[in-house]
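The chain contents come next:
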Amino acid sequence: MNYASVIETSIGNITILADEEFVYAVTFEEKDVSGLTENELTIKVANQLKEYFNGTLRDFDFPMQQQGTDFQQEVWQNLLAIPYGETTSYAKFSAHKPLAIRAIASANGKNNIAIVVPCHRVIGSNGKLVGYAGGLWRKQWLLQHEREVTQQGQTELKF
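Structural notes, computed from the coordinates. (Residues numbered from 1 in each chain as written. Predicted model: local features only at pLDDT ≥ 70, side-chain atom pairs only at ≥ 80, totals over all residues. Heavy atoms only, no water.)

### Quick word on the overall build of the protein
Definition in use: Working definition: helices are DSSP H or I runs of at least four residues, strands are E runs of at least two. Numbering for both runs from the N terminus. Each radius of gyration reported is based on C-alpha atoms, and the globular scaling rule is 2.2 Å times the count of residues to the power 0.38. Using a 1.4 Å probe on the protein chains alone, a residue whose accessible area is under 20% of its type maximum counts as buried, one over 50% counts as exposed, and one in between counts as partly exposed.
Along the backbone of the protein there are five helices and five strands. Counting from the amino terminus, helix and strand elements in the protein follow one another as β-β-β-α-α-β-α-α-β-α. Over its C-alpha atoms the protein spans a radius of gyration of 16 Å, differing by no more than 12% from the 15 Å that the globule rule assigns to 159 residues. Summarising its shape, the C-alpha atoms of the protein cover approximately 45 × 40 × 25 Å along the three principal directions. When burial is assessed residue by residue, the protein has 45% of its 159 residues classed as buried.

The following block contains the structure:
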């Protein structure tokens, strides 16, 4: 059985999808959740996301599982190692497999658990924001939010 929660945030609605054991999606994409109810897991994730947006939570702790290849799973696991409030470039992120930089970028783009698996923390080698399924404006907002929470400064006005 599948379950869902939808929360309103500063950057739009977020839909959380789970089964009895694992969260498999946290997305800005509109999903048809009619007929689905919340469960303890989706409620827990919704509360943690609210804490993230309030600046009181940096590390999520709930069971999650995305469908993907072994390579994609490795990339998503590596994303979890990027510290809150910090960024890395695609070149640095793929330094252990430099010939796979495009495949790594592709796997990053297939991440279905936004914010929690922090693909928003990977930027271009030139420091520019590139590729984010939720839109670059959301990526910018998330990075700015984390910088403010870690007191690394606010570089732009938030909306």
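And the narrative resumes.
### Some words on the environment of His 120
Operational definition: Any pair of residues with heavy atoms lying within 4.5 Å of one another is described as a contacting pair. What qualifies as a polar contact is a pair of N or O atoms within 3.5 Å, subject to a donor-acceptor requirement within protein and to the restriction that residues adjacent in sequence count only when both atoms come from side chains.
Within the secondary structure, His 120 is located in the loop between helix H4 (101-109) and strand S5 (122-123). Between the C-alpha atoms of His 120 and Leu 142, which are 22 residues apart in sequence, the distance is 7.3 Å. In this structure His 120 touches Tyr 52, Ile 115, Tyr 132, Lys 139, Leu 142, Leu 143 and Glu 146, once residues within four positions along its chain are discounted. A polar contact is formed between the side chain of His 120 and the side chain of Glu 146, at a distance of 2.8 Å.

### Observations concerning the pattern of salt bridges
Any two side chains of opposite charge can pair, on the condition that their charged atoms come close. This is how it is decided: One speaks of a salt bridge when a side-chain nitrogen belonging to Lys or Arg is within 4 Å of a carboxyl oxygen belonging to Asp or Glu.
Counting across every chain of the model gives two salt bridges. Here Glu 29 makes a salt bridge to Lys 31, at a shortest N to O gap of 3.3 Å. Residue Glu 146 is joined to Arg 121 by a salt bridge in which the shortest nitrogen-to-oxygen separation is 2.9 Å. Taken together, the positions of Glu 146 in helix H5 (residues 136-149) and Arg 121 in the loop between H4 and S5 put the pair 25 residues apart, joining distant regions of the chain. Take Glu 146: its relative accessible area is 0%, and that puts it in the buried class.

### As for the environment of Arg 121
For Arg 121, a relative accessible area of 5% translates into the label buried. Residues Arg 121 and Gln 140 lie 19 residues apart in sequence; the distance between their C-alpha atoms is 9.6 Å. One polar contact links the side chain of Arg 121 to the main-chain carbonyl oxygen of Ile 82, over a distance of 2.8 Å. Among the polar contacts made by the side chain of Arg 121, one reaches the side chain of Glu 146 at a distance of 2.9 Å.

### Observations concerning helix H2 (residues 70-79)
Rules: Our arc is simply the arc of the directions from the helix axis toward the C-beta atoms.
Within the sequence span of H2, burial applies to Gln 72, Val 75, Trp 76 and Leu 79. All buried residues of H2 lie within an arc of 95° about the axis, which places them on one face of the element. Along H2, exposed side chains directed more than 90 degrees from the buried face belong to Asp 70 and Gln 77. Contacts from the buried residues of H2 go to helix H3 (90-93), H4 and S5.

### Digging into the sheet that holds strand S2 (residues 14-18)
The criterion, for reference: A pair of strands is labelled paired if DSSP reports no fewer than 2 bridges between them. To obtain an axis, a line is fitted to C-alpha atoms, over the contacting stretch when the element is a helix, and the angle between two such axes runs from 0 to 180 degrees between their N-to-C directions.
Sheet architecture is open: three strands sit in the order S1-S2-S3, paired in antiparallel fashion. Unpaired on one side and paired on the other, strand S1 (3-7) and strand S3 (23-27) mark the two borders of the sheet. Here the strands of the sheet are splayed against their neighbours by 10° on average, with no regard to which way each runs. In this structure, S1 lies alongside S2, joined through five bridges in antiparallel fashion.

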